[in-house]
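What follows is each chain in one-letter form.
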Amino acid sequence: MPCEIVGSEGPLAGRRYPFGETPITFGRKNNNRVVVASKKASRFHAEVVRDGDDYVLHDRESSNGTLVNGERVTSHVLQPGDVITIGDEAFRFESVDETATITDLSESQTMTMVEETPGPVLDVTVSGGGPVGLSFALLLEHLMGRQVAITVYDDRWTQDGSRIVWKNEGQGNVRRQQVVTIQSRQFLNLPEEVQERLFSADAYTEMWPPGPDSIRGYSPRNLRIAYIEDRLLEVANEKPDSIRLMPTRFDPVEYHASVVEGHALAICEGARSPTREHFTDKFGKADKRIYSLDGHHVQDVVLGLRVKSDLSDPMIVLLTVAQNRFLLNSLRGEGFLNMRLTDAEAREVIGVDPVRHVFEECIASRPCVMGRNEDGDFCCPTHSTLFLPALVKGSALWKRVREGLTLFGITEENLSAVTGFRLAMVQRPRFTAQLYATTSTTPGTYGFLLGDAANAIHFWPGRGLNSGLASAISLARSFSSAWSGRPFRDADFIRHEAAMSMLQYRHKSRAWKAMVTTDEHGSVCTIKDRIAQSIERVTAEDADKHKEADIDALMEQLRRIRSRLSSRIPGMPDDALLRNHLRTLGGETLRTLVASGPWETLAVGGEEVDIDIFYRDSPPVVPAAEG
């Protein structure tokens, strides 16, 4: 009697596992036939072995035991209808109708369904399931099909029936409403099914013109992070044969055995990656010196304001590029207005507990998102603190925030939340390392830094996610061309390491120019210090005297930018509209905008890192048949 295992509760509900020549094994490790996500499952938890006409379930000394129909067993002869429970997941043992065949009537042939053998399977673990981690997993699955088994961990996910979904803001998952700009050089390298899912009607805008990053005439596209994350996770849920989604934080100590027995660990957890720090001895220590001035590591603190602007996209582009104090990245006017702070202003970014009357730096150090409550105050749902600058009458910082809103045509009613970011870059010595050596029983595990875990950069030039996607594309191509079933060697990743080094140099050298400028003596100084000096040196009365002169200076910058972009961005505002808009700002704000200087778009332009050049000599990869 042919039989099969069918998932009944948990992420594998509805999945069928027919018996072949080998036992069906259950456990947390990727090389089990049934990979159980529950933390209560052991690495090799149980197996069902065919013994003549019987199918016998054996518990393999698991920590939490195996249940059949609610009773713990060590060995049990299964009967159709029996329910096997392992941790939080359940499976039914069912018989299969022996007459179930596929008949080709035109050929008068009957074929019995058989299970395909995919050959050696590449075992990859991904720590961090954000856009970079998920894009890497989906591209690798696209290139290698059933030749790869991928497990992705992220504690920002939760279980919803048989699917894994993103936690909401109330569950602690914040900052998903930001908008990012993805360059065509990156999104055209993603699988077509991913592109189709991401770029559905009304999901994106093309407010920025094609530039040196663009290929085949495609413009950069603005999408909301939440939308990208939801669509990528949606696609990954549809590929359970190759991609396992684990809604839990990856712990390199807890999952040590799984990593040692696998082939690769891709670290995509972000700039503060604990997994990267766990393997510091393998990847080496980061160097801060190259991004320091006078021995001090340069950091920018940015206040993020969730807003809705009434201005047109062309107007937003002009006003953003003309100065370095505020950056609005939006989708149809909705997004985050980011305000570069001086050191003195950054010290004011704190919350206050209205009950205990104590200060809390959660907004700057965690960072937390403070949304408006029913009283109109900005409140942190995690720490119950209120944003202090908005509460203090006469707060200089809050006055400057309101001026930034005016610059981009935003009413205070359309400011819905505030948060903070700390931005600092380091130079990383390497991005690829052998974490564990090959032994007689393990293949030798390689580790890789991707995304912000590899190259966290200043977002002012808008290159963070693009650098991360490029790193994911490079590694997926390296795997698909190098995998043969044998242990990997350093030589298999020469091209990927070269691509990562080029990405670090190109994007960080560009980002550095978004953090520093030169003073009147030609010496390098930070942009935030230029802003601070303009605030300290100019009184309100003096600023008002020079208001028209500052408007003239800004108009000159706006005209130059408009002249450069007008052929690529239709609908640019004319001089009269721009001048009248600038007159709505206070004199001190205008002086600060002039002092901050325009974006150095020419200095940071030019040739981009083209991942394709490293892989053009590789033979095309044909995805394995899906059966």
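Everything below is about the structure shown above.
Residues numbered from 1 in each chain as written. Predicted model: local features only at pLDDT ≥ 70, side-chain atom pairs only at ≥ 80, totals over all residues. Heavy atoms only, no water.

Remarks on helix 8 (residues 313–321)
What counts, and what does not: Note on exposure labels: buried denotes an accessible area under 20% of the residue type's maximum, exposed denotes more than 50%, and partly exposed covers the range between, all computed with a 1.4 Å probe on protein chains only. The way it works is that DSSP assigns letters per residue, a run of H or I at least four long becomes a helix, a run of E at least two long becomes a strand, and they are numbered from the N terminus.
Within helix 8, eight of the nine residues are buried, which leaves it mostly tucked inside the rest of the structure. Restricting attention to buried positions, one finds in helix 8 the residues Pro-314, Met-315, Ile-316, Val-317, Leu-318, Leu-319, Thr-320 and Val-321.

A short note on the environment of Arg-400
Inclusion rule: Any two residues having at least one pair of non-hydrogen atoms within 4.5 Å are treated as being in contact.
Mapped onto the fold, Arg-400 is located in helix 12 (residues 396–407). In this structure, the C-alpha to C-alpha distance between Arg-400 and Glu-588, residues 188 residues apart in sequence, is 9.1 Å. If we skip the residues at most four places from it in the chain, Arg-400 touches Arg-325, Phe-326, Met-339, Glu-345 and Ile-535.

Some words on the packing of aromatic side chains
In plain terms, the rule: In this scheme Phe, Tyr and Trp rings, the latter by its six-membered ring, pair at centre separations within 6.5 Å, and the angle between planes marks the pair as stacked below 30 degrees, edge-to-face above 60, and tilted otherwise. Two conditions define a charge located above a ring, namely a distance within 6 Å from the ring centre to NZ of Lys or CZ of Arg, and an angle within 35 degrees of the ring normal.
Scanning the entire structure with this criterion turns up 24 aromatic pairs. An angle of 50° between the planes, with centres 4.7 Å apart, marks the rings of Tyr-153 and Tyr-255 as tilted. Residue Tyr-153 is located in strand 15 (residues 148–153), and its partner Tyr-255 is located in the loop between strand 20 (243–246) and helix 5 (256–261); the two are separated by 102 residues in the primary sequence. Tyr-255 matches Tyr-153 in its accessibility class, with the two residues each being buried. Considering the side-chain rings of Phe-279 and Tyr-436, the 6.2 Å spacing of their centres and the 80° angle between planes classify their relative orientation as edge-to-face. Taken together, the residues Phe-279 in the loop between helix 6 (274–278) and helix 7 (280–283) and Tyr-436 in strand 33 (residues 432–436) connect sequence positions 157 residues apart. The exposure class of Phe-279 is buried, given its relative accessible area of 4%. A connected cluster of aromatic rings, assembled from ring pairs, spans Phe-136, Tyr-446, Phe-448, Phe-479, Trp-483, Phe-488 and Phe-493. A cation sits over an aromatic face here: Arg-221 above Phe-199, 4.6 Å from the ring centre. The cationic tip of Arg-231 hangs over the ring face of Tyr-227; the distance from NZ or CZ to the ring centre is 4.8 Å.

As for the pairing of strand 34 (residues 445–449)
Worth spelling out the cut-off: Note on pairing: DSSP must find at least two bridges between two strands before they are called paired.
Judged by how many residues are buried, strand 34 sits mostly within the fold: five of five residues are covered. Across the two faces of strand 34 the burial is the same, with Thr-445, Gly-447 and Leu-449 and Tyr-446 and Phe-448 all buried. Looking at chain direction, strand 21 (residues 264–267) and strand 34 are connected through four bridges and run parallel. Counterpart to Ala-264 in the pairing with strand 34 is Tyr-446. Here strand 33 pairs with strand 34 via four bridges, running antiparallel. Across the sheet, residue Tyr-436 finds its bridge partner in strand 34, namely Thr-445.

Comments concerning the pattern of salt bridges
It is possible for side chains bearing opposite charge to pair when their charged atoms get close. We count it as follows: Within this document, salt bridges are pairs made up of a side-chain nitrogen of Lys or Arg and a carboxyl oxygen of Asp or Glu, the two lying within 4 Å of each other.
According to the stated counting rule, one finds 35 salt bridges in the structure shown. A salt bridge links Arg-185 to Asp-610; the shortest N-O distance between them is 3.4 Å. Highlighted residues: Arg-185 in helix 2 (residues 184–187) and Asp-610 in the segment after helix 21 (601–604), separated in sequence by 425 residues. For Arg-185, a relative accessible area of 15% translates into the label buried. Notably, a salt bridge pairs Arg-477 with Asp-612, separated by 2.6 Å at the nearest N-O pair. Linking Arg-477 in helix 14 (residues 464–482) with Asp-612 in the segment after helix 21, this pair joins segments that are 135 residues apart in sequence. A single salt-bridge network, built from bridges that share partners, covers Glu-556, Arg-559, Arg-560, Arg-562 and Asp-575.

Thoughts on the side chain of Ser-596
This is how it is decided: The term polar contact refers here to a pair of N or O atoms within 3.5 Å; inside protein, the definition further demands a hydrogen-donor-capable atom paired with an acceptor-capable atom, and it admits residues adjacent in sequence only when both atoms are side-chain atoms.
Assignment of secondary structure puts Ser-596 in helix 20 (residues 587–596). Within the structure, Ser-596 has its side chain in polar contact with the backbone nitrogen of Asn-324 (distance 2.9 Å). A distance of 2.8 Å separates a polar side-chain atom of Ser-596 from the backbone oxygen of Leu-593. Setting aside anything within four residues of it in sequence, one finds Ser-596 in contact with Gln-323, Asn-324, Arg-325, Ile-527 and Ile-531.

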